[in-house]
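Geometric and topological summary
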Amino acid sequence: MDMQAVNAMDFGEFIEVFGNVVERCPLVAAAVWGQRPFSSPADFQRSLGDFIDSLPRSGQEGILRCHPDLAGPELQRGTLTQESQKEQGQAGLTALQPEERRRLAELNAQYRARFGFPFVMAARLSDKATVLRELARRARQSPTQELATALDEVKKICRLRLEDIFADPAKL
């Protein structure tokens, strides 16, 4: 897919293609649609990141709450988005041993209780040991630090998902 095709999309098509670059939050794609034309994928990505950064804290936390727990109930029920299923699989989170699943559930619950949103990490850039280690480490950060870290992870996920879309000629 090229930028000319992206810039020519009507609103519905744009949301259909890019509505899940931020997990279950098509509002982000909708908000930047009007900023077309984008000069490059990097320009498009910057617009998405700038929109996220411009939100009040409550909006940023809302974006984080759209994400599922890693290896959480949605994975067990089979209700993850296609993108999340792929990403969690790449990290080995779809094949956890019972003790790993229990530990991750425990850490996810502690994290969510402390911060009010799920732990967000670009899982496909990691493996299950790194996810567990990072979850335990980040749960000790201050709320302000963790919000910034979690939003950086959202932007990484967004970048990776955009790369996938731009690399797939079937997306048009």
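What you see is a predicted model; the values in this text were computed from it and never measured.

In globular proteins that are soluble, nonpolar side chains generally tend to be buried together. Counting residues in hydrophobic clusters, the biggest one holds 53 residues, and the most contacted among them are Met1, Phe14, Phe18, Val22, Phe44 and Leu93. Where this core is concerned, the elements lending two or more residues are helix H1 (3-8), helix H2 (11-18), helix H3 (26-33), helix H4 (41-54), helix H5 (57-65), helix H8 (98-115), helix H9 (128-138) and helix H10 (143-167). Two domains each provide a minimum of three residues to this core, namely domain 1 (3-55) and domain 2 (62-167). Not counting residues within four places of it along the chain, the set of residues in contact with Phe44 comprises Met3, Phe14, Phe18, Val32, Phe38, Leu162 and Phe166.

Further remarks concern the UniProt feature "domain: Oxo-4-hydroxy-4-carboxy-5-ureidoimidazoline decarboxylase" (unreviewed entry) in the protein chain. The sites that carry the UniProt feature "domain: Oxo-4-hydroxy-4-carboxy-5-ureidoimidazoline decarboxylase" (unreviewed entry) are, in the present numbering, residues 7-163. Structurally, residues 7-163 comprises 67% helix and 0% strand, and the distance from its first C-alpha atom to its last is 16 Å.

At a minimum axis distance of 10 Å, the contact between H4 and H10 shows a crossing angle of 150°. As far as their axial angle goes, H10 and H4 are roughly antiparallel. For the pair H4 and H10, the sense of crossing is right-handed. Residues Pro41, Phe44, Gln45, Leu48, Gly49, Ile52 and Asp53 of H4 touch H10, and the partners they reach there are Leu151, Val154, Lys155, Cys158, Arg159, Leu162 and Phe166. Of the residues in the contact of H4 with H10, the class split is nine nonpolar, two polar and three charged.

What follows is about empty space enclosed by the protein. For the structure shown, the criterion picks out one cavity of 30 Å³ or more. In this structure, the largest cavity encloses a volume near 130 Å³. Along its surface, the largest cavity is lined by 15 residues, and Leu70, Ser84, Glu87, Met121 and Ile157 are the ones closest to its centre. Among the secondary structure elements, those contributing two or more residues to the lining of the largest cavity are helix H7 (82-90) and H10.

Here we take up the layout of surface pockets. Looking at the largest pocket, its volume works out to about 310 Å³. As for the largest pocket, its lining consists of 16 residues, and the residues nearest its centre are Gln82, Glu83, Asp164, Ile165 and Lys171. Contributing elements (two or more residues each) for the lining of the largest pocket: H2, H7 and H10. The greatest single-element share of the lining of the largest pocket, amounting to four residues, is contributed by H7. Two domains each provide a minimum of three residues to the lining of the largest pocket, namely domain 1 (3-55) and domain 2 (62-167).

So, on to the pattern of salt bridges. Here the structure, examined in full by the defined rule, presents 18 salt bridges. Between Lys86 and Asp164 there is a salt bridge; the shortest N-O distance is 3.5 Å. Taken together, the residues Lys86 in helix H7 and Asp164 in helix H10 connect sequence positions 78 residues apart. According to the relative accessible area criterion, Lys86 is partly exposed, its value standing at 42%. Overlapping salt bridges, with partners in common, bring together Glu99, Arg102, Arg103 and Glu106 in one network.

One frequent convention defines the size of an interface as the accessible area lost when the parts assemble. According to the domain assignment, the protein chain contains domain 1 (3-55) and domain 2 (62-167). Just the C-alpha atoms count here: the centres of domain 1 and domain 2 sit 23 Å apart. Tallying the contact residues gives 19 residues for domain 1 and 20 residues for domain 2. Contact with domain 2 buries surface across domain 1, with Val21, Glu23 and Arg24 losing the most and accounting together for 39% of the total. The interface formed by domain 1 and domain 2 includes three salt bridges. For Arg161, the salt bridge goes to Glu23, with nearest N and O atoms at 2.7 Å.

Thresholds applied
Residues numbered from 1 in each chain as written. Predicted model: local features only at pLDDT ≥ 70, side-chain atom pairs only at ≥ 80, totals over all residues. Heavy atoms only, no water. Core = buried A, V, L, I, M, F, W, Y, C linked by side-chain atoms within 4.5 Å. Buried < 20%, exposed > 50% of the residue type's maximum accessible area, 1.4 Å probe, protein only. Helix = DSSP H or I, 4+ residues; strand = E, 2+ residues; numbered from the N terminus. Domains from an automatic or database assignment. Contact = heavy atoms within 4.5 Å. UniProt positions renumbered as here; feature names shortened; annotations may be inferred. Axes fitted to C-alpha atoms, helices over the stretch in contact; angles between N-to-C directions. Parallel < 35°, antiparallel > 145°, perpendicular 65-115°, else oblique. Left-handed = near helix turned anticlockwise from the far one by under 90°. Nonpolar A, V, L, I, M, F, W, Y, C, P; charged D, E, K, R; others polar. 1 Å grid on protein atoms, 1.4 Å probe; cavity = no way out; pocket = protein on both sides within 12 Å on 5 of 7 lines; lining within 4 Å. Points joined across faces, edges and corners; volume = space filled by probe spheres on them. Salt bridge = Lys/Arg side-chain N within 4 Å of Asp/Glu carboxyl O. Buried area = accessible area lost by both parts, 1.4 Å probe.

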